[in-house]
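Next come the chains, spelled out residue by residue.
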Amino acid sequence: MENQCIMSIEYKTILFTSNLSAASRTAFRHALLLANQFDAKLILLHVMERSPSNYESYMIGLFGQERLQQVLKNNTEEAKHALVGKVTPKQMARTALSEFSKENETGEENYVVPPSQIVVKEGGVVEVILEQAAEKKCDLIVMGASEGLLSSSSVGGNIKSVLKNSKIPVLVVPVSHE
């Protein structure tokens, strides 16, 4: 009788949102695990709210100067732009999200990076996340919380707004202390 009360949950499309932080890397691993578990499509979303001039230093902080150059060179389209010194902030964000996937490739048969789509949009973070979730018919939103963001009674403004306004479940993953 108890099993009859349990609702069957199935995720077909998972929206992973990233602010390109260490917390995003941790959240991505959870999104990837769920996508594998449910054989779901994974959409990687970054909303550009920062000033474009800050993106290169932000990316260097995320990957380090050497690693960033290697990441850009490993991606053919970005490499063309890197060679002429014109990597746009959108391309940097797209490359970072692509690298999240590559970092988690294991080669194991039962664990693969599922079909995914990388989306980089400009605008208000909460509005774009909710629009993309609806447009892509997502069943779950996965967000990473910065260290200290979930401490005490405080939750970040973007996370709180997404939680309040989302029509689908939202998984908030705290930063890992591995």
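Scroll up a little and you will see the structure.
Residues numbered from 1 in each chain as written. Predicted model: local features only at pLDDT ≥ 70, side-chain atom pairs only at ≥ 80, totals over all residues. Heavy atoms only, no water.

S.K.: When you look at the pairing of strand β4 (residues 140–145) in this model, what are you seeing that I'm missing?
M.R.: Side-chain direction in a regular strand flips from residue to residue, so the side chains alternate between the two faces of the sheet. Along β4, 6 of the 6 residues are buried, which leaves the element largely enclosed by surrounding structure. Across the two faces of β4 the burial is the same, with Leu140, Val142 and Gly144 and Ile141, Met143 and Ala145 all buried. Of the pairings in the sheet, the one linking strand β1 (residues 13–18) to β4 comprises 3 bridges and is parallel in character. From the neighbouring strand, Phe16 faces β4, where its bridge partner is Val142. Where β4 lies against strand β5 (residues 170–174), 5 bridges are found, and the strand directions are parallel. Following the sheet pairing, Gly144 is matched in β5 by Val173. (Buried < 20%, exposed > 50% of the residue type's maximum accessible area, 1.4 Å probe, protein only. Helix = DSSP H or I, 4+ residues; strand = E, 2+ residues; numbered from the N terminus. Pairing = 2+ DSSP bridges.)

S.K.: Would you mind going over helix α2 (residues 22–38) with me for this structure?
M.R.: One turn of the α-helix equals 3.6 residues, which is why residues spaced by three or four share an orientation. An ideal rise of 1.5 Å per residue puts 24 Å on 17 residues; α2 measures up with 25 Å between its terminal C-alpha atoms. Within the span of α2, buried status applies to Ala23, Ser24, Thr26, Ala27, Phe28, Ala31, Leu32 and Ala35. Elements that come into contact with the buried residues of α2 comprise β1, β2 (41–48), α6 (89–103), β4 and β5. Phi for Asp39, located one or two positions after α2, is positive at around 55°. (Expected span 1.5 Å × (residues − 1). Contact = heavy atoms within 4.5 Å.)

That is the geometry; function is a separate question.
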